[in-house]
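The lines below spell out each chain.
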Amino acid sequence: MIVTIDGPSGAGKGSAAKALAKRLGFSYVDTGAIYRALSYLSLREGVDPREEKEVIALLDHFDFRTEIQGGKRHYYLDQEEITAVIRTPAVTERVSAVSAIEEVRTRLLPLQRKEAELGNVVFEGRDMGTTLFPHADVKIFLTASPEVRAHRRYLELAPKHPHLTEASVLADQLRRDEWDSTRSASPLRAAEDAIYLDTSALTLEEVVDRLVEIVRGKHG
Ligand code: DC
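These numbers were taken from a predicted model, which means no experiment stands behind them.

Draft legend 1. Main features of helix H4 (residues 89–99). Of all 11 residues in H4, 8 are buried, a share of seventy percent or more. Among all positions of H4, only Val91, Thr92, Arg94, Val95, Ser96, Ala97, Val98 and Ser99 are buried.

Draft legend 2. Focus on the site of the ligand. Residues in close proximity to the ligand total 16 residues, the closest being Arg36, Arg105, Arg126, Asp127 and Arg183. Arg36 places a polar side-chain atom, nitrogen or oxygen, 2.7 Å from an oxygen atom of the ligand. At 3.0 Å from a nitrogen atom of the ligand is found a side-chain nitrogen or oxygen belonging to Asp127. In isolation the ligand exposes 450 Å². Once the protein is present, 97% of that is buried. Put simply, the parts of the chain that give the shell around the ligand at least two residues each are helix H2 (32–44), H4 and helix H8 (166–182).

Draft legend 3. Up close: the environment of Phe62. For Phe62, the location among the structural elements is in the loop between helix H3 (52–58) and strand E3 (64–69). Since its relative accessible area comes to 14%, Phe62 is described here as buried. Between the C-alpha atoms of Phe62 and Thr165, which are 103 residues apart in sequence, the distance is 34 Å. Look past the residues within four positions of Phe62 in its chain and what remains in contact with it is Ile34, Ala37, Leu38, Leu41, Leu77, Leu108 and Leu111.

Draft legend 4. Here's a closer look at H8. For H8, built from 17 residues, the straight-helix expectation of 24 Å at 1.5 Å per residue is met to within 8% by its first-to-last C-alpha distance of 24 Å. When H8 is considered as a whole, its buried residues turn out to be Val169, Gln173, Arg176, Asp177 and Asp180. Seen end-on, H8 carries its buried residues on one side only, within an arc spanning 105°. Exposed residues pointing more than 90 degrees away from the buried face of H8 are listed as Ala167 and Thr182.

About the criteria used
- Residues numbered from 1 in each chain as written.
- Predicted model: local features only at pLDDT ≥ 70, side-chain atom pairs only at ≥ 80, totals over all residues.
- Heavy atoms only, no water.
- Buried < 20%, exposed > 50% of the residue type's maximum accessible area, 1.4 Å probe, protein only.
- Helix = DSSP H or I, 4+ residues; strand = E, 2+ residues; numbered from the N terminus.
- Near = heavy atom within 4 Å.
- Polar contact = N/O pair within 3.5 Å; in protein donor to acceptor, adjacent residues only side chain to side chain.
- Areas by Shrake-Rupley, 256 points an atom, 1.4 Å probe, with all protein chains shown as cover.
- Contact = heavy atoms within 4.5 Å.
- Expected span 1.5 Å × (residues − 1).
- Arc of directions from axis to C-beta.

Laid out in structure tokens, this is it:
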């Protein structure tokens, strides 16, 4: 069974998808990590993310792996562990440009689809229900107001990045939202048969309860 969770950044997809997978006993796949890994590679190799041809060339030696250790997913590029570095602002800043390149998206599809071999999976991303798994069993579109999303992201980043302000996080997020939803290659949008859930006024636990209900309601 495939459950897809799409939505803009800061809607709480990551925590909700992870918790949902745990409650259902499913595997969890964060597809944003793959785009983040390529974004990190562009940074490591000094490639400007707007230089499409150069970014595409990076895919020829994109040796991305994930491993589960002690119940936690770890990410590797070649021999380098990149689990933490792919969440840094430097990588986040350039990931929209990297993920907007059409050839990047098509070439990374098989790597993502392969994860469906895990069996029952919750997939989290931007185009899971539209492009990756148009026939998914359950499709969810999680969203929240821009202010709530920026506030959540700020609380997450502030301990490690004290120079950030809530206003700068909101501005950065609006820029990414705009970019992710207007790019021509697989833009962020809800699948026609997706179930919308606005998480602005909900706690994580309430969101997960609701998601479990949705999945069980469809396939109980
Ligand atoms: O969910 P996230 O913030 O880790 O995603 C990182 C970036 O990758 C974000 O700019 C959107 C993009 N992305 C995408 O285009 N398609 C996906 N399936 C997942 C993420």
